[in-house]
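Here's the letter readout for the chains.
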Amino acid sequence: MRKKIKRGQKVEVSFSARERALVLEHTFSGPELTAALRRAQLEGGKHVVRYTLDDLDELLGFVAAEANHSADKKLRKELDALYARVRREMES
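Our subject in this report is the structure included herewith.

**A word on the overall build of the protein**
Here is step 1 of the chain: Assigned secondary structure in the protein consists of 4 helices and 3 strands.
Here is step 2 of the chain: Tracing the protein from N to C terminus, the helices and strands come up as β-α-α-β-β-α-α.
Here is step 3 of the chain: Radius of gyration (C-alpha) of the protein: 13 Å, near the 12 Å computed for a compact globule of 92 residues.
Here is step 4 of the chain: Once the C-alpha set of the protein is aligned to its principal axes, its extents read approximately 40 × 25 × 25 Å.
Here is step 5 of the chain: When contacts within the protein are restricted to residue pairs at least 6 apart in sequence, those whose partners lie at least 24 apart make up 70%.
Here is step 6 of the chain: Distance between charge centres in the protein, computed from 19 positive and 15 negative side chains, equals 4 Å.

Below, the structure is given as structure tokens:
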């Protein structure tokens, strides 16, 4: 079921510890995107972050760029999986 998100409205996105580490350690996303992820509360084993859809789109751009330029196949696969999961969540 899709619901309308107003421009600038924040939505909750959860990241596993590994997904959080991938973003923080392997992407060139700026502090305006990573600050929320660094201070994310752990809820049920997941780091819950509130981002606007524009912020999520920007973050996904950094994840995709790193996946496309990574020589490490395992890292590329993990980043691609993260990208796909967050993109699906964002578009739902």
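**Things to note about the pattern of salt bridges**
Here is step 1 of the chain: Applying the stated criterion to the full structure yields 7 salt bridges.
Here is step 2 of the chain: Notably, a salt bridge pairs Asp54 with Arg7, separated by 3.9 Å at the nearest N-O pair. Residue Asp54 is located in helix α3 (residues 53-69), and its partner Arg7 is located in the segment before β1 (10-15); the two are separated by 47 residues in the primary sequence.
Here is step 3 of the chain: Its salt-bridge partner being Arg87, residue Asp57 comes within 3.3 Å of it at the nearest N-O pair.

**Here's the deal with the packing of helix α1 (residues 17-26) against helix α2 (residues 31-38)**
Here is step 1 of the chain: Put simply, α1 and α2 touch, their axes get as near as 11 Å, and they point 150° apart. If you check the angle between α1 and α2, you find them roughly antiparallel. Remark: the crossing between α1 and α2 carries left-handed chirality. Where α1 approaches α2, its residues Arg20, Val23 and Leu24 are matched on the opposing element by Thr34, Leu37 and Arg38.

Conventions adopted
Residues numbered from 1 in each chain as written. Predicted model: local features only at pLDDT ≥ 70, side-chain atom pairs only at ≥ 80, totals over all residues. Heavy atoms only, no water. Helix = DSSP H or I, 4+ residues; strand = E, 2+ residues; numbered from the N terminus. Rg over C-alpha atoms; globule rule 2.2 N^0.38 Å. Contact = heavy atoms within 4.5 Å. Lys, Arg positive; Asp, Glu negative; His and termini not counted. Charge placed at Lys NZ, Arg CZ, Asp CG, Glu CD. Salt bridge = Lys/Arg side-chain N within 4 Å of Asp/Glu carboxyl O. Axes fitted to C-alpha atoms, helices over the stretch in contact; angles between N-to-C directions. Parallel < 35°, antiparallel > 145°, perpendicular 65-115°, else oblique. Left-handed = near helix turned anticlockwise from the far one by under 90°.

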